[in-house]
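Each chain, written out:
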Amino acid sequence: MTFNEFGRKCIALVVDDTPDTLGMVSAALEDSGMTVLVATDGEAAIELTRRVEPDVILMDAVMPGMDGFETCRALKLGADPVTTPIIFMTGLTEKEHLLEGLASGGVDYITKPVVIEELIARLSTHIVNSRLLQSARDALDTSGRTVLACDLNGKVLWGSQKAIDFLNTTDAATLGSSWIKWIADCANRPVSSVQPFETDNLAFQYIGMTASPEILIKPMRRMSQSREHVLAEAFDLTPREAEVLYWLTLGKTNRDISAILVLSARTVNKHLEQIFQKMGIDNRTSAAVMADRVLNAF
């Protein structure tokens, strides 16, 4: 395969202080249709990544000065983390080294000497997955949804643009240890059993967990009235219809809402039909966007 099949020419950053490996890998990727950038140390890799935003990074684990693990941590776990997948190239085969690479933010590793066919296959998989994830995030931005993803320690990994803008205008950076405890309590629990995390003027609603795992959260401003009451007043809904609409704004499917509110699927569908009619729209996305606008106005 060639990497032009993804719709545009992919950019790979190869980071290695060994000229032979750098030349061999770069030539193979260029033959596959990629644009290849090279760096021979961690500092140069960070500068290039911030400036060019490559589609994938191949990172040598052992380099003088800033090694690959430290470079990966700076890109993935530092301020303004990048979403680019990082694949380690390493001659270190001990389990602790492989685990260190994954813990520092890498998604995969290739052992040296590099087998080009294996490298190409793994690159294609990770680029496809990365672009699918970015498409999902772009869809969140386009629909105006407010979603954050955090790791199990409460660190924000990514968010829709609306959510990031929201955080930048609040005191969310000072949430403290109680935030970390709340995040840990969210893991593997039913959404309906987790109460929102609240500060003086903010509320964070747990809305689910990915397989990664990432904790998905909706940031909101605190209200003097319940959100269901606000929605009921805004759209002339019954209390139950307002509950259904509220969970819809949190990205829940009909099946999820049925389980959370202990309703049959048929009843949820009936409520949604009434909600759409009262709101003057005909689909879930429009209902969620309109409800979000009302809630964010308070």
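Think of each chain on its own: its residues are numbered from 1, step by step along the sequence as written. Given that this is a predicted model, residues contribute local features only at a pLDDT of at least 70 and side-chain atom pairs are listed and counted only at 80 or more, while totals for whole chains, interfaces and linings are drawn from all residues. By convention in this description, side-chain values take in all heavy atoms of the structure and omit both hydrogens and water.

Draft legend 1. Spotlight on the overall build of the protein. Secondary structure elements follow DSSP: runs of H or I no shorter than four residues count as helices, runs of E no shorter than two count as strands, and numbering proceeds from the N terminus. Of the regular secondary structure elements, the protein holds 12 helices and 10 strands. The contact criterion used is simple: two residues touch if any of their non-hydrogen atoms lie within 4.5 Å. A separation of at least 24 residues holds for 56% of the contacts in the protein among residues at least 6 apart in sequence.

Draft legend 2. Quick peek at the pairing of strand β3 (residues 56–60). Summarising burial for β3: five of the five residues are buried, a large majority. Residue burial is assigned from relative accessible area. The probe radius is 1.4 Å, only protein chains are included, and a residue is buried under 20% of its type maximum, exposed over 50%, and partly exposed in between. Side chains Val56, Leu58 and Asp60 of β3 all project onto a buried face; the interleaved residues Ile57 and Met59 project onto the opposite face, where all are buried too. Two strands qualify as a pair provided DSSP detects at least 2 bridges between them. As defined by bridge partners, strand β1 (residues 11–15) adjoins β3 across four bridges and the pair is classed as parallel. Across the sheet, residue alanine 12 finds its bridge partner in β3, namely valine 56. Sheet analysis places β3 next to strand β4 (residues 86–90), joined by four bridges and oriented parallel. What sits directly across from aspartate 60, in β4, is methionine 89.

Draft legend 3. Quick look at helix α2 (residues 42–52). Among the residues of α2, Gly42, Ala45, Ile46, Leu48 and Thr49 are the ones counted as buried. What you see down the axis of α2 is that its buried residues fit within an arc of 165°, all on one side. Set apart from the buried face of α2 by more than 90 degrees, the exposed residues are Glu47 and Arg51. On its buried side, α2 packs onto β1, β2 (35–39), β3 and α3 (68–76). Identification of polar contacts relies on pairs of N or O atoms within 3.5 Å, with a donor-acceptor requirement for protein atoms, meaning one able to donate a hydrogen and the other able to accept it, and with residues adjacent in sequence counted only if both atoms are side-chain atoms. Two or three places before glutamate 43, at the start of α2, stands the capping residue aspartate 41, its side-chain oxygen 3.2 Å from that residue's backbone nitrogen. Of the residues one or two after α2, glutamate 53 is the one with positive phi, at around 55°. This arc describes the spread of directions from the helix axis toward the C-beta atoms.

Draft legend 4. View of unusual backbone geometry. Cis rather than trans, the peptide bond between lysine 112 and proline 113 has omega equal to 0°. The backbone phi angle of glutamate 53 is positive, close to 55°, even though this residue is not glycine. Of note, glutamate 53 is situated in the loop between α2 and β3. In this structure, aspartate 236 takes a positive phi of about 55° despite not being glycine. Assignment of secondary structure puts aspartate 236 in the loop between α8 (227–235) and α9 (239–249).

Draft legend 5. Structural detail: the packing of α8 against helix α12 (residues 284–296). Two numbers describe how α8 lies on α12: the axes approach to 10 Å, and their chain directions differ by 115°. By the angle class used here, α8 and α12 are roughly perpendicular. For α8 against α12, the interelement crossing comes out right-handed. Contacts from Arg227, Val230, Leu231, Ala234 and Phe235 of α8 reach α12 at Met290, Ala291, Val294 and Leu295. Classification used: nonpolar for Ala, Val, Leu, Ile, Met, Phe, Trp, Tyr, Cys and Pro, charged for Asp, Glu, Lys and Arg, polar for all others including Gly. Split into classes, the residues belonging to the contact of α8 with α12 amount to eight nonpolar, no polar and one charged. Interaxial angle, 0 to 180 degrees, is taken between N-to-C directions of lines fitted to C-alpha atoms, where a helix line uses only the stretch in contact. An angle counts as roughly parallel when it lies under 35 degrees, as roughly antiparallel when it exceeds 145, as roughly perpendicular when it falls between 65 and 115, and as oblique in every other case. Each crossing gets its handedness from the near helix: less than a right angle anticlockwise from the far helix is left-handed, clockwise is right-handed.

Draft legend 6. The sheet that holds strand β10 (residues 215–221), seen in detail. The five strands lie next to each other as β7-β6-β10-β9-β8, forming an open sheet whose pairing is antiparallel. Bordering the open sheet on either side are β7 (156–159) and β8 (197–198), each of which pairs with just one other strand. With three bridges connecting them, strand β6 (residues 148–150) and β10 associate as antiparallel partners. Bridge assignment links leucine 148 to a residue of β10, and that residue is isoleucine 217.

Draft legend 7. Fine view of the packing of aromatic side chains. When two rings of Phe, Tyr or Trp (its six-membered ring) have centres within 6.5 Å they constitute a pair, described as stacked for plane angles under 30 degrees, edge-to-face for angles over 60, and tilted for the intermediate range. The tally for this structure, following the rule as stated, stands at seven aromatic pairs. Measuring from ring centre to ring centre gives 5.2 Å for phenylalanine 69 and phenylalanine 88, while their planes differ by 55°; the resulting arrangement is tilted. Here phenylalanine 69, found in helix α3, pairs with phenylalanine 88, found in strand β4; they are 19 residues apart in sequence, far enough to count as distant. For the pair formed by phenylalanine 69 and phenylalanine 88, the shared burial category is buried. Taken together, the ring pairs connect Trp179, Trp182, Phe197 and Phe204 into an aromatic cluster.

All quantities given are derived from atomic positions and should not be read as evidence of function.
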